[in-house]
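The primary structure of each chain is shown beneath.
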Amino acid sequence: MDHVIEVSDVSKTFKIHHERHQSVKDRVLHPRSGRTELFQALDHISFTVDAGETVGILGHNGSGKSTLLKCVCGVLQPTSGVIRQRGSLAALLELGAGFQVELSGRDNVYLYGTMLGFSRKYIDRIFDDIVAFSEIEHFIDTQVKFYSSGMYVRLAFAVAVNVDPDVLVVDEVLAVGDERFQAKCIDRIKGFQEDGKAILLVTHSAEQVRTLASRAIVLESGKMIAHGDVGDSLKIFRDHLLGTAPATGSTATSAGEVHVDSVTSPSGTFDVRAGAGFHFDVHVSATRAVSGLFVLELHTRDGVLVSRSDPQANPVDLRAGVTSIGVDLPHLPLLDGIFDVNVGIYDPRGSNILAWAEKVATLQVTYGGRESGLVDLAPSVHQN
Ligand SMILES: Nc1ncnc2c1ncn2[C@@H]1O[C@H](COP(=O)(O)OP(=O)(O)O)[C@@H](O)[C@H]1O
Ligand SMILES: [Mg+2]
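If you're wondering where the values come from, they're calculated on a predicted model, not measured in any experiment.

Section: the confidence of the model for the protein chain
- Of the residues in the protein chain, 89% have a pLDDT of 70 or more, and the chain-wide mean is 85.
- Least confident of the elements in the protein chain is helix 1 (residues 24-29), whose mean pLDDT is 68; most confident is strand 4 (residues 80-85), at 96.
- Taken together, the stretch residues 243-254 has pLDDT below 50 and engages in 12 contacts with residues farther than four places along the chain or on a different chain.

Brief notes about the packing of helix 3 (residues 105-115) against helix 5 (residues 149-162)
- In the contact formed by helix 3 and helix 5, the axes pass within 10 Å of each other and the chain directions differ by 40°. When the interaxial angle is binned, helix 3 and helix 5 end up oblique. Helix-helix and strand crossings are classified by hand; for helix 3 and helix 5 the assignment is right-handed. Mapping the contact onto sequence places Gly-105, Val-109, Tyr-112 and Gly-113 in helix 3 and Leu-155, Ala-156 and Val-159 in helix 5.
- Taken together, the residues of the contact of helix 3 with helix 5 break down into five nonpolar, two polar and no charged.

A few points about the sheet that holds strand 7 (residues 198-202)
- Here six strands make up an open sheet; going across it, the order is 5-6-7-3-8-9 and the pairing mixed. Two strands lie at the open edges of the sheet, namely strand 5 (89-92) and strand 9 (223-228), each paired on one side alone. Looking at each pair of strands side by side, their axes are set apart by 15° on average, direction ignored.
- Both strand 3 (residues 54-59) and strand 8 (residues 215-220) contribute to a ladder of five bridges, which runs parallel. Its bridge partner lying in strand 8, Val-55 is registered against Arg-215.
- Strand contacts of helix 6 (residues 179-194): strand 3, strand 6 (167-171) and strand 7, with the helix running at about 145° to strand 7, the strand carrying the most contacts.

The rules we used
Residues numbered from 1 in each chain as written. Chains lettered and ligands numbered in written order. Predicted model: local features only at pLDDT ≥ 70, side-chain atom pairs only at ≥ 80, totals over all residues. Heavy atoms only, no water. pLDDT = per-residue confidence, 0-100. Helix = DSSP H or I, 4+ residues; strand = E, 2+ residues; numbered from the N terminus. Contact = heavy atoms within 4.5 Å. Axes fitted to C-alpha atoms, helices over the stretch in contact; angles between N-to-C directions. Parallel < 35°, antiparallel > 145°, perpendicular 65-115°, else oblique. Left-handed = near helix turned anticlockwise from the far one by under 90°. Nonpolar A, V, L, I, M, F, W, Y, C, P; charged D, E, K, R; others polar. Pairing = 2+ DSSP bridges.

The structure is reproduced here in structure tokens:
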């Protein structure tokens, strides 16, 4: 076997138990009532990963990404199909998997390292590196149950990357923690790539897939709907965000004809005061005149979608050559923060993406008030 990971025709079915009775009393009196249904979380998945490759896995919530990673790591057994994996493997699964919350960070490093198949002596040797990378020295003897999710991920990531595995499996955890720590993790992942390790990476961030992955897989309801080139997979993933499968080969306009060139603001900056208005221009080129729908998205740095505009509300007519589209945000209801701007053009039916540009601008919002959070609710409160 040449591949580091080989997933052959893997399916995973969960048994879901539906309660027939609603009340707690009924449940106590009839514990085995209700019916059991089978739910197929993975549907005949096959792919391979070679040394030196990083494969990104994209998909909506519930599409089966975590289930797939758990099968690869051996945490779950596939219902059918075969998974083969060569060499040592370190996994950063969803929060909650891996650590014993009653134990200290220190004990967990040893436990986790041992679980990954490394000797106590070896972990002794790398312990200081792990703690230094995690940046939670002061809390290493604190029980993990008192950790924030950020601290938890820092430690888990520090163990996983410092044990020097042949295969690294990462499930969405890169979104946790501050930007600087994320950058450090991504640096370490790039180091792994240079060392020829194999990486399986689940992330919501199209940007991370684009910068890190050599190939990408898209899962939808347990099925693999795309597998291959990162750009193609991202486009298929985007198309599915619209809830419509891409019409293969039958679209009037091919994506190559429309391109988002740049986004500019009259002041040259994207610094905005909360509640103020903001204007920017999107420059789009097209090889011929074409109608479409303009879409604007704002994301937090953690990849949380703050807002996606309604495509139908913003039809645009692009001419052959460059068209500038002005976007007015009359009063930003956002509090302090950094927000990434994505823009795109959909076809007139809103079922295909003609052009899409991620992070074409970064809005820096400053706020001087006392509210906290993401948005300004501006509540009006009355005593009745
Ligand atoms: N242990 C389980 N028992 C029953 N259903 C599960 C279990 N684990 C996951 N599922 C279901 O399988 C589907 C895929 O879940 P998951 O792999 O966590 O998706 P993702 O990571 O893509 O969000 C979801 O509908 C989820 O509810
Ligand atoms: Mg998941």
